[in-house]
Amino acid sequence: MSFDNTPFQPRLGVSRRQVLKGMGAASSLPLIGGFAPAFASNSDGRVVVIGGGFGGATAAKYLKRANPNLAVTLVEPARTFYTCPFSNLYLGGLREMSKIAHGYDELRDRYGVEVVHTLAQDLDPDSHTVSLANGDTLHYDKLVLSPGIDIRWNALEGYDEAAAELVPHAWKAGPQTELLRRQLEGMEDGGTFVLVAPENPFRCPPGPYERASMVAHYLSQHKPSSKVLILDAKDNFSKQGLFTSGWEQLYGDSIEWVGLSGDGRVTRVDAENREVETEFGTVHRADVLNVVPPQKAGWIAERAGVTDDSGWVPVKPETFESQQVADIYVVGDATVAAPMPKSGFCANAQAKVAAAAIVASLRGDSAPDPYWSNTCYSLIGPEYGISVAGVYRIQDGVIAEVEGSGGLSPSDASPEIRQMEAEYAVGWYNAICQDTWGTDA
Amino acid sequence: MNLRLPRAATAALGACLLLGAAQQVLADDAYDLQREVMAGGCANCHGTDGARTGNVPPLAGRDADYLEERLLAFKRDEVADTTIMNRIAKGFSDDELTSLAEHFANVEQE
């Protein structure tokens, strides 16, 4: 066992068992400074993870859980990650921003992940390197990309980065979410909150409708004469029957939904005047306007060459390795993984499958059979929760929902069940954040 | 048995403790990749290793027979006032549910 001080050069020939044996022999020697880098140089492989959200943080943790001798580096610009899940509860006044904020201490201190807070600005699949905004270059044997989504600026006429400062999307949690909340707080009673919902696919299919619910809850408490209008580019949406029935029960006619067939598709945004125009020329003026715009995979995915013409990332279902570029595994909202939705739960589940596949591959083994599941809770009111669940396996080479599994909360559930689901939604959020970042919300 | 810290690995304990990495290195040897992948989704509500306590019941270290019986009952819609577990359990074969029950029963509590 050598003690050379050269990190970032994995020696793949060394098995874990040999490392263990070597450590046994080394135990009689005095441990001196410099050992740690040498240990890293004898790692079973080097994995770089880009993105510290549900997918990336989970991948980093589960790589180290499965094989602590991997050298794992997580690249994430933000020191604090704000989750999109439960950001609607912040808008509704049910949760503080600090309670949807998560850091990277557990990954670093407990699991030995090297966490680098900088931007991954480019990568070269041929040389297996990632260049960072801080000037460093990282070499990888395997790369995990969990880039989330980016907005397709101007795909909706008039909606660009400048417009988003006036009319927030709040579809990446953080300052945008706070801006939307301030606008809600500043709205006069009797005003109209207009939410523009996109075509599929997009991050968090039930998200716009939970947002409408939480905004309606806030308005019912503080501005009861106000209305919520949803202008939708499609005719059907996630958990539609459950939402519609819940809205009626909790908010009467305060929430109006207009689908594609009813001229709900918005084609132009005038951010300065908070106006939107639909396909057939109807102009709606909003007091607070929230545009959930068309989306695509996070931009680094395009740089990596893993996106296709759709702007999303096709992956091999068994491992979530890119179909287009070897040794790059992509997880989360950026991927084409239907029937799995673009949810934090799925990003976490996909990351576990990818991490196991990487660990197996670096050992020269085949990947374990994948299993995925999903549960998306939505809150219609503080004590009114609904859910959709799914369990997924590979069938005939593609991802498929296991027959007879999953599905929606019953349409005729009792108020007690709705309340239990609202409580379990909080239990789910706290548990998945603990599983992903080790943080207690 | 699939203990997280198998007897065979304890030989290396002394050396590993000196390195401050004992738990991780040993866990590595005990880690059943296939079973961990099958159990992966459970953590999203029950916490890592099913060990989180809260309004979602913990799974770690509970009796295997009890867990198996509950999982099979969820699958067969025999638990009144179930919210989600009946929908999840139907995604697994009976054998897989038995394997999951054993897996969580054998998680060592910290």
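Residues numbered from 1 in each chain as written. Chains lettered and ligands numbered in written order. Predicted model: local features only at pLDDT ≥ 70, side-chain atom pairs only at ≥ 80, totals over all residues. Heavy atoms only, no water.

By the naming in an unreviewed UniProt entry, chain B is Cytochrome c553, taken from Franzmannia pantelleriensis.

As annotated in an unreviewed UniProt entry, chain A carries the name Sulfide dehydrogenase (Flavocytochrome c), flavoprotein subunit and comes from Franzmannia pantelleriensis.

Caption draft 1: Here's a closer look at the interface of chain B and chain A. Each partner contributes residues to the interface: chain B has 40 residues there, and chain A has 61 residues. Both faces combined, the contact of chain B with chain A buries some 4100 Å², and carbon together with sulfur accounts for 57% of it. Taken together, the connections running from chain B to chain A amount to five salt bridges. Glu96(B) is the partner of Arg393(A) in a salt bridge, and the nearest nitrogen-oxygen pair spans 3.1 Å. Linking chain B with chain A are 18 residue pairs in polar contact (both at pLDDT 80 or more). Listed by contribution, the elements that provide at least two residues to the side of chain B that touches chain A are helix H1 (13–19), helix H2 (22–30), helix H3 (33–39), helix H4 (43–46) and helix H6 (85–89) of chain B. (Contact = heavy atoms within 4.5 Å. Buried area = accessible area lost by both parts, 1.4 Å probe. Salt bridge = Lys/Arg side-chain N within 4 Å of Asp/Glu carboxyl O. Polar contact = N/O pair within 3.5 Å; in protein donor to acceptor, adjacent residues only side chain to side chain. Helix = DSSP H or I, 4+ residues; strand = E, 2+ residues; numbered from the N terminus.)

Caption draft 2: Region of interest: the sheet that holds strand E7 (residues 129–132) of chain A. All names here are of chain A. Overall, antiparallel pairing links the three strands, which are arranged E6-E7-E8 in an open sheet. Each end of this open sheet is capped by a strand with a single partner; those strands are strand E6 (120–124) and strand E8 (137–139). Strand after strand, the sheet turns through a mean of 25° between neighbouring axes, direction not considered. The pairing of E7 with E8 spans three bridges and is antiparallel. Residue pairing for E8: Ser131 is matched across the bridge by Thr137. (Pairing = 2+ DSSP bridges. Axes fitted to C-alpha atoms, helices over the stretch in contact; angles between N-to-C directions.)

Caption draft 3: Main features of the environment of Lys223(A). Residue and element names in this part refer to chain A. As for its position among the elements, Lys223 is in the loop between helix H8 (207–222) and strand E12 (227–232). According to the relative accessible area criterion, Lys223 is buried, its value standing at 8%. It is 9.4 Å that separates the C-alpha atoms of Lys223 and Glu185, two residues lying 38 residues apart in sequence. Each residue touching Lys223, except ones within four places of it in the same chain, is listed here: Leu184, Glu185, Gly186, Met187, Asp189 and Tyr218. (Buried < 20%, exposed > 50% of the residue type's maximum accessible area, 1.4 Å probe, protein only.)

Caption draft 4: Seen up close, the environment of Thr335(A). Assignment of secondary structure puts Thr335(A) in strand E21 (residues 335–336). The spacing of Thr335(A) and Val306(A) is 29 residues in sequence and 9.6 Å in space, taken between C-alpha atoms.

Caption draft 5: Summary view of the pairing of strand E9 (residues 142–145) of chain A. Residues and elements named next belong to chain A. The alternating pattern of E9 places Lys142 and Val144 on one face and Leu143 and Leu145 on the opposite face, and all of these are buried. Inspection of the sheet shows strand E1 (residues 45–50) paired to E9 by four bridges, in the parallel sense. Residue pairing across strands places Val47 opposite Lys142, the latter belonging to E9. Bridging between E9 and strand E20 (residues 328–330) involves three bridges; their strand directions are parallel. Its bridge partner being in E20, Leu145 is matched across the sheet by Val330.

Caption draft 6: Structural context of the packing of helix H7 (residues 175–186) of chain A against H8(A). All names here are of chain A. Two elements in contact, H7 and H8, have axes separated by 11 Å at closest approach and are oriented at 35°. The crossing of H7 and H8 is right-handed. Contacts from Leu180, Arg181, Leu184 and Glu185 in H7 reach Arg211, Val215, Tyr218 and Leu219 in H8. In terms of residue class, the contact of H7 with H8 is made up of five nonpolar, no polar and three charged. (Left-handed = near helix turned anticlockwise from the far one by under 90°. Nonpolar A, V, L, I, M, F, W, Y, C, P; charged D, E, K, R; others polar.)

Caption draft 7: Just helix H12 (residues 415–437) of chain A, in detail. Taking 1.5 Å of rise per residue, the 23 residues of H12(A) would be expected to cover 33 Å, and the 33 Å separating its terminal C-alpha atoms lies within 8% of that figure. Directly after H12(A), the chain includes Gly438(A), whose backbone phi takes a positive value near 75°. (Expected span 1.5 Å × (residues − 1).)

Caption draft 8: Geometry of the environment of Glu277(A). All names here are of chain A. Structurally, Glu277 can be placed in strand E15 (residues 275–278). Placed 120 residues apart in sequence, Glu277 and Glu157 show a C-alpha to C-alpha distance of 9.8 Å. Residues in contact with Glu277, not counting those within four places in the same chain, are Arg265, Val266, Thr267, Arg268, Thr282 and Val283.

Caption draft 9: Expanded view of the nonpolar core. Residues and elements named next belong to chain A. Grouped together as the largest cluster of nonpolar side chains are 134 residues, with contacts concentrated most on Val130, Leu145, Trp247 and Ile328. For this core, the leading source of residues is helix H11 (residues 344–363), giving 14 residues. Residue-level mapping places this core at the junction of two domains, with at least three residues from each of domain 1 (44–150 + 296–437) and domain 2 (153–293). Ignoring sequence-local partners within four residues, the contact set of Trp247 consists of Tyr209, Ala212, Ser213, Ile230, Phe237, Gly252, Ile255, Trp257 and Ile380. Listed in part, the 17 residues of the second largest apolar core include Val266, Ala271, Val276 and Ala286. (Core = buried A, V, L, I, M, F, W, Y, C linked by side-chain atoms within 4.5 Å. Domains from an automatic or database assignment.)

Caption draft 10: Region of the structure containing the side chain of Asp150(A). Residues and elements named next belong to chain A. Counting through the fold element by element, Asp150 comes out in strand E10 (residues 149–151). Of the residues examined, Asp150 reaches a relative accessible area of 14% and is grouped as buried. At a separation of 2.8 Å, a polar atom in the side chain of Asp150 contacts the main-chain amide nitrogen of Trp299. In this structure, Asp150 is in contact with Lys172, Gln295, Lys296, Ala297, Gly298 and Trp299, ignoring residues within four places of it in sequence.

Caption draft 11: Spotlight on the side chain of Ser343(A). All names here are of chain A. With respect to the secondary-structure elements, Ser343 resides in the loop between E21 and H11. Overall, the relative accessible area of 7% leaves Ser343 in the buried class. Looking at Ser343, its side chain comes within polar contact range of the main-chain nitrogen of Cys346, at 3.0 Å. In contact with Ser343, other than residues within four places in its own chain, are Asp333, Asn374 and Cys376.

Caption draft 12: Region of the structure containing the packing of aromatic side chains. Residues and elements named next belong to chain A. What the rule picks out here adds up to 14 aromatic pairs over all chains. Considering the side-chain rings of Phe86 and Trp428, the 6.2 Å spacing of their centres and the 65° angle between planes classify their relative orientation as edge-to-face. Here Trp428 lies in helix H12 and Phe86 lies in the loop between strand E3 (81–82) and helix H4 (87–91), a separation of 342 residues in the sequence. Judged by its relative accessible area of 6%, Trp428 falls in the buried class. Grouping aromatic residues by their ring pairs yields a cluster made of Tyr209, Phe237, Phe243, Trp247 and Trp257. Directly above the aromatic system of Trp312 lies the positively charged group of Lys342, at a separation of 3.9 Å from the ring centroid. Lying across the ring of Tyr371, Arg393 places its NZ or CZ 3.7 Å from the centre. (Phe/Tyr/Trp six-rings, centres within 6.5 Å; stacked < 30°, edge-to-face > 60°. Lys NZ or Arg CZ within 6 Å of the ring centre and 35° of its normal.)

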